[in-house]
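Here is how the chains run, residue by residue.
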Amino acid sequence: MATVQVGEAEKVYIMHGVRDDLRVDGRGCEDYRHMEIETDVVSNTDGSAKVSLGQTDILVGIKAEIGKPKPMVPDEGYLEFFVDCSANATPEFEGRGGEELGVELSNNLYKVFNNKHSLDLRSLCICPGEHCWVLYVDVLLLQCDGNLFDAMSIAIKAALFNTRIPKVHISEDEEGGKEIELSDDPYDCMRLNVENVPCIVTLCKIGHRHVVDATLLEKACSVASLLISVTHKGTVTCVRKLGGGSLDPDSIFEMTETGKRVGKMVHAPLMELLQKEESLGRERTKVGFLA
Amino acid sequence: MPVDNKRVRGPEISQSPLLFLPPDSQISKVSSSSGRQGARGNGDIRPLFARCGLVSQAKGSAYLEAGNTKIICSVYGPRETERKDETDMKSGRLVCDFRLAPFSCPKRGAWIQNAEERDLSTALAESLQPGACLHRYPRAQVDVNVVVLENDGSALAHAVTCASMALADAGIEMYDTVLGCALRQDEERCLVDPDLAEERAESSAENQGRVVVALLPNLNQISGLQADGEMREDSLTAAVRTCVEGCHRLYPVVQQAILRAVKKKAAPPPEK
Amino acid sequence: MAAGFKTAEPLEYHRSFLKESCRPDGRDLGEFRPTTLNIGSISTADGSALVKIGNTTVVCGIKAELAMPTVDAPDKGYIVPNVDLPPLCSSRFRPGPPGEQAQAASQFLADIIDDSNIIKKEDLCIEKSKLCWVLYCDIMCLDYDGNLLDACIITLLAALKNAQLPTVTINKEKDLPEVDTQHKRHLHINKHPVSSSFAVFDDEVIIVDPTTEEESLATALITAVTDEDDQLCAFHKPGGSSLSAEKLHDCISRAVTRNREINKLIDKVTKSIKSSK
């Protein structure tokens, strides 16, 4: 993971601040940094979104392709995640340096989405056992300043919301052979229901307290963090302890409680924002990458 | 797919016979009415068999059997670290390699380590790390190799226990043993130490999931926590509590096994 | 003192024992280490066996899958043996793709299976040019203390004997196979090859069943495989010091007696499992 070196005195300073609910950048323990979201930023994908959270910058592109359903679940489509750690984000990612982190991040994404209600995978089925939509979710890290998971999950949710899958019609000829026909009308497309897509909240244990949305600096002061993915209803779909330290059972309970509360609060404004952006339609001025 | 020419290859495509079973004999759901196998209560762990020091070539090793789940672990080192680029050389590294034998699951697995195994390796390392005094081994690495010979559920949890026994057997300095316990939540039912059928059973319940906890029993610290599925926060907390209890229940067996190995090693040389 | 001698001058240390016609672990030159066998202990495999020769521990699990036969041999199934030496079994092996030794062992087993016809591959055919069984024989070493090949062959043979395949019929309507796990059958074992490995010290002394240390000090290694009819199936001597025909003959006759012992052991363990059921 991208890391920074922190001196002992600076650590103590950060930890004392956290103890008094005042962080280096002026936030409280449960506050997120300023967040910017823009969808439909890459025109050659079926859905995309760019999220910047403080100095962390993430781009997500989704491509829908027709594939074969997995033999165990013939009536469902599936998602594939790939996280690319660009060397632009940090020199550490140069060459194969980012590979390990990328695999770790994508593995966790699989876990977060590995349940029945996050996304209706049945709606991705075209013809049971033969054809289904495969959504390739490609995450690109453009800049890392901590809290990659939270930013990633929000970007994925926004990109899924933005995704438009062309409608297909299956026609059968006389001999029973099936043929897939793609709709000619580019506006005749299917949208995904992203209501249940979870958001990840990562809590970093610093001293005796925990903080939301830790920067790299703050992360360096913490030995263990807890990743919690929460749906808008407050259902927890995934929990992972990350890092080499251990946690007190009581603080785990406190952290899951906070995680659920914070996670639930993220969803409503996010959906509102996404809907608002869409209602602007084509009039919207695109900000792009230079914002 | 790259061709694996370092192994004897079979046909390009082969399918497990399990895919062609008559539809009615498919794996059943977690039925709430029927009890667990072997008249086990929902909160009971399976009888545990644990031994240290079986692999003659290793610095330390352990074998663990819980029901049909069979896990073997060996520890090598501390030896010189292979990775020189690490910035933090002040403390040692714990390198974990978690493998499922190809014949360990109902469906045959590949020899090449897949993403799931790599994921489990990381989870194992993060669970063990808080238990080991790694600062005592600067510039060194300790290798922990785990092979699951038969997976009948709760593999990660038992792998954690087994690995910490092997670390102790290898004489690696530790703050505490690390114990693992798994749980399957299905609506209001909590099944501790689930077997594979319980672990993988399909469930349409709103509140269901899988939890794995790694615990340092004496320090009362949780060193590993994984939960998947869809759980309410209150049942998640309850599940973690139940897992902690489960860990404490297997502690005596683990202690005994380690003690036995120590006694064997410390036995005075026979008089001549 | 003895320990120091062993580390400083391992070869001299061994020589001093061999002079007295015995070995550091107390064995005679022609003595195998105690061999124990455990059959059918892995229930997720269709057949399994665990063999211990002294410290060396090897486990074999057989998984059967369905596939199409090749065009060249439409009435034959496949047997795919693979040996893995994971980093678990010794510090000399690293994680990653199989090393030379593992590859050589896999190929050796594949050759023995093909040449000596342990199982007639025709028996694995379900329907000609349509469907056949693939037996994946995955062998894993858990503790490496020399004489890998002997252990691998014993575990392979025992696991094959233990293996049971479900009955498969082809549904003519759907053209799909149907599997019945209620009715299982054992495989017919056509031949029972067993190997014996030897190490040559100082170009002349031959010892049986070498440990890792003996293997590394030896000037040549020999493996002889014979079947139950006292026929030689395979003979493996990858380079090393030359030996007289007479000495090789001794090795083969030792292998013949070893074959009897091992097959007796396999039968005994198989029977004890059946009676305990």
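Residues numbered from 1 in each chain as written. Chains lettered and ligands numbered in written order. Predicted model: local features only at pLDDT ≥ 70, side-chain atom pairs only at ≥ 80, totals over all residues. Heavy atoms only, no water.

**Some details on the overall build of chain B**
To keep things clear, this is the line we draw: Note on conventions: DSSP H or I runs of at least 4 residues are helices, E runs of at least 2 residues are strands, and numbering of each starts at the N terminus. A simple rule labels every residue: compare its accessible area, found with a 1.4 Å probe on the protein chains alone, to the largest value its type can have, and call it buried under 20%, exposed over 50%, or partly exposed in between. We call two residues in contact whenever any of their non-hydrogen atoms come within 4.5 Å of each other. Shrake-Rupley sampling with a 1.4 Å probe provides the accessible areas, and residues are treated as covered by the protein chains on show and by no other component.
When you go through chain B residue by residue, the secondary structure sums to 4 helices and 9 strands. For chain B, the N- to C-terminal ordering of α and β elements is β-β-β-β-α-β-α-β-β-α-β-β-α. Across the 272 residues that make up chain B, the buried fraction comes to 57%. When contacts within chain B are restricted to residue pairs at least 6 apart in sequence, long-range pairs at least 24 apart make up 69% of them. When the accessible area of chain B is evaluated, it comes to approximately 12300 Å², of which 52% is carbon and sulfur surface.

**Looking at the sheet that holds strand S7 (residues 189-192) of chain B**
Applicable threshold: Strands are labelled as partners when DSSP assigns at least two bridges between them. Here the axes come from fitting lines to C-alpha atoms, over the contacting stretch only for helices, and the angles between their N-to-C directions go from 0 to 180 degrees.
In space, the 8 strands of this open sheet follow the order S12(A)-S11(A)-S13(A)-S14(A)-S9(B)-S8(B)-S6(B)-S7(B), with antiparallel pairing throughout. Edge strands, defined here as strands with exactly one partner in the open sheet, are strand S12 (209-212) of chain A together with S7 of chain B. For this sheet, the mean angle separating the axes of adjacent strands, direction not counted, is 20°. Lying on the sheet, helix H5 (residues 249-279) of chain A is in contact with strand S11 (199-206), S12 and strand S13 (225-230) of chain A together with strand S9 (221-231) of chain B; it crosses S11(A) at an angle near 140°.

**A few points about helix H2 (residues 155-169) of chain B**
Residues and elements named next belong to chain B. Basically, it comes down to this: Multiplying 1.5 Å by the residue count of a helix minus one yields the expected span of that helix.
Taking 1.5 Å per residue, 15 residues should reach 21 Å; H2 reaches 21 Å between its end C-alpha atoms and fits that length. Across the 15 residues of H2, 14 count as buried, placing the element largely inside the fold. Positive backbone phi, at 75°, marks glycine 171, one or two positions downstream of H2.

**Concerning helix H1 (residues 115-128) of chain B**
Residues and elements named next belong to chain B. Our working definition: What qualifies as a polar contact is a pair of N or O atoms within 3.5 Å, subject to a donor-acceptor requirement within protein and to the restriction that residues adjacent in sequence count only when both atoms come from side chains.
Its 14 residues place the ends of H1 20 Å apart at the C-alpha level, agreeing with the 20 Å of an ideal helix rising 1.5 Å per residue. When you tally the buried positions in H1, you get 10 out of 14 residues, the bulk of the element. Turning to H1, its buried residues number three or more, namely Glu117, Asp119, Leu120, Ser121, Ala123, Leu124, Ala125, Glu126, Ser127 and Leu128. The opening residue of H1, the one whose side-chain oxygen lies 3.2 Å from the backbone nitrogen of glutamate 116, is asparagine 114.

**With respect to the interface of chain B and chain A**
Selection criterion: Summed over both partners, buried area is the accessible surface (1.4 Å probe) that two parts give up on being assembled. The term salt bridge refers to a side-chain nitrogen of Lys or Arg lying within 4 Å of a carboxyl oxygen of Asp or Glu.
Listed as interface residues are 30 residues of chain B and, on the opposing side, 33 residues of chain A. For chain B, the biggest contributors to the area lost against chain A are Leu225(B), Glu230(B) and Glu233(B); these three give 21% of the whole. The tally of links from chain B across to chain A stands at 3 salt bridges. A salt bridge links Asp119(B) to Lys111(A), with the nearest nitrogen and oxygen atoms 2.8 Å apart. For the pair chain B and chain A, the number of links is 13 residue pairs in polar contact (both at pLDDT 80 or more). Looking at the side of chain B that touches chain A, the elements with two or more residues in it are H1, S9 and helix H4 (233-266) of chain B. The element that contributes the greatest number of residues to the side of chain B that touches chain A is S9(B), accounting for 11 residues.

**Comments concerning unusual backbone geometry**
For the bond from Gly77(B) to Pro78(B), the omega torsion is 5°, close enough to zero to count as cis. Positionally, Pro78(B) belongs in strand S3 (residues 69-80). You will see that Asp193(B), though not glycine, has its phi angle at about 50°, which is positive. Mapped onto the elements, Asp193(B) comes out in the loop between S7 and helix H3 (196-200). Owing to a relative accessible area of 3%, Asp193(B) belongs among the buried residues under this scheme. At Asp202(C), a residue that is not glycine, the phi angle is positive and equals roughly 50°. When you line up the elements, Asp202(C) lands in the loop between strand S9 (194-201) and strand S10 (205-208). Under the relative-accessibility criterion, Asp202(C) is labelled partly exposed at 29%.

**Topic: the confidence of the model for chain B**
All names here are of chain B. Operational definition: Each residue carries a pLDDT score, the predictor's confidence in it, ranging from 0 to 100.
Looking at chain B, the pLDDT average stands at 86 and 90% of residues meet or exceed 70. Per-element confidence in chain B ranges from a low mean pLDDT of 85 for H3 to a high of 95 for H2. In this model, residues 27-33 is a region of pLDDT below 50 whose contacts with residues beyond four sequence positions or in other chains number 11 contacts. Two summary scores accompany this predicted model of the complex, namely pTM at 0.89 and ipTM at 0.88.

**What to know about the UniProt feature "domain: Exoribonuclease phosphorolytic" (unreviewed entry) in chain A**
Residues and elements named next belong to chain A. Spelled out, the test is: UniProt positions are given in the numbering used here, feature names are shortened, and annotations may be inferred rather than shown by experiment.
Mapped onto this numbering, the UniProt entry annotates "domain: Exoribonuclease phosphorolytic" (unreviewed entry) at residues 32-166 and 196-261. Span residues 32-166 is 21% helix and 38% strand, its end C-alpha atoms 36 Å apart. End C-alpha atoms of residues 196-261 are separated by 16 Å, and the span's content is 26% helix alongside 38% strand.

**Considering the interface of chain B and chain C**
Interfaces are often sized by the amount of accessible area the parts lose when they come together. Contacts between the two partners involve 43 residues from chain B, matched on the other side by 48 residues from chain C. Between chain B and chain C the total buried area reaches about 3800 Å² when both faces are included, carbon and sulfur atoms providing 59% of it. For chain B, the biggest contributors to the area lost against chain C are Val8(B), Phe103(B) and Arg108(B); these three give 20% of the whole. Counting across the chain B and chain C interface gives 2 salt bridges. For Asp138(C), the salt bridge is made with Arg108(B), and the minimal N-O distance between the two is 2.8 Å. In this assembly, chain B and chain C are joined by 20 residue pairs in polar contact (both at pLDDT 80 or more).

**As for the side chain of Asp84(C)**
In this structure, Asp84(C) sits in strand S4 (residues 78-84). Its relative accessible area of 3% is what places Asp84(C) among the buried residues. If we skip the residues at most four places from it in the chain, Asp84(C) touches Arg99(B), Trp111(B), Ile139(C), Met140(C) and Cys141(C).

**Examining the packing of H2(B) against H4(B)**
Residues and elements named next belong to chain B. For clarity, the threshold we go by: Convention used here: angles under 35 degrees read as roughly parallel, angles over 145 as roughly antiparallel, angles from 65 to 115 as roughly perpendicular, and any remaining angle as oblique. Note on convention: the crossing is left-handed when the near helix lies turned anticlockwise from the far helix by less than a right angle, right-handed when the turn is clockwise.
Taken N-terminus to C-terminus, the directions of H2 and H4 make an angle of 25°; their axes are 10 Å apart at the nearest point. It follows that H2 is roughly parallel to H4 by the angle criterion. As for the relative orientation of H2 and H4, their crossing is right-handed in sense. Counted together, Thr161, Met165, Ala168 and Asp169 of H2 and Leu250, Val254, Ala257, Ile258, Ala261 and Lys265 of H4 form the full contact between these two elements.

**Considering empty space enclosed by the protein**
To find leftover empty space, one rolls a probe the size of a water molecule over the atoms. The following threshold applies: A cavity here means a set of points on a 1 Å grid, drawn over the protein atoms and nothing else, where a 1.4 Å probe fits but cannot get out; a pocket is an open set with protein on both sides within 12 Å along at least five of seven lines, and a residue lines either one if it has an atom within 4 Å of a point. Grid points are joined across faces, edges and corners, and a volume is the space filled by probe spheres set on the points. Any residue that is not Ala, Val, Leu, Ile, Met, Phe, Trp, Tyr, Cys, Pro, Asp, Glu, Lys or Arg is counted as polar, Gly included; the first ten are nonpolar and the last four charged.
The full count for this structure, using the stated rule, is 3 cavities of 30 Å³ or more. Of the voids in this model, the largest cavity is the one considered here, and its volume is about 180 Å³. As for the largest cavity, its lining consists of 18 residues, of which Arg240(A), Lys241(A), Ala123(B), Glu126(B) and Gln226(B) are closest to the centre. Contributions of two or more residues to the lining of the largest cavity are made by helix H2 (99-112) and strand S14 (236-242) of chain A together with H1, H2, strand S8 (208-216) and S9 of chain B. Looking at which element gives the most residues to the lining of the largest cavity, the answer is H1(B), with 5 residues. Among the residues making up the lining of the largest cavity, the classes are represented as 8 nonpolar, 5 polar and 5 charged. If you trace the second largest cavity, you find it lined by Ile45(B), Ser154(B), Ala157(B), His158(B), Gly180(B), Cys181(B), Ala182(B), Asp193(B) and Leu250(B). When residues of the lining of the second largest cavity are traced back to their parent elements, those giving at least two are H2 and strand S6 (179-186) of chain B. The dominant element in the lining of the second largest cavity, judged by the number of residues it contributes, is S6(B), at 3 residues.

**Section: a nonpolar patch on the surface**
What counts, and what does not: Without a salt bridge and with relative accessible area above 30%, a residue can belong to a patch; like charges are then joined within 9 Å and nonpolar side chains (Val, Leu, Ile, Met, Phe, Trp, Tyr) within 5 Å.
Together, Ile66(A), Ile170(A), Ile180(A) and Leu182(A) line one region of the surface with nonpolar side chains, adding up to about 310 Å² of accessible area. By the secondary structure assignment, Ile170(A) is in strand S8 (residues 168-172).

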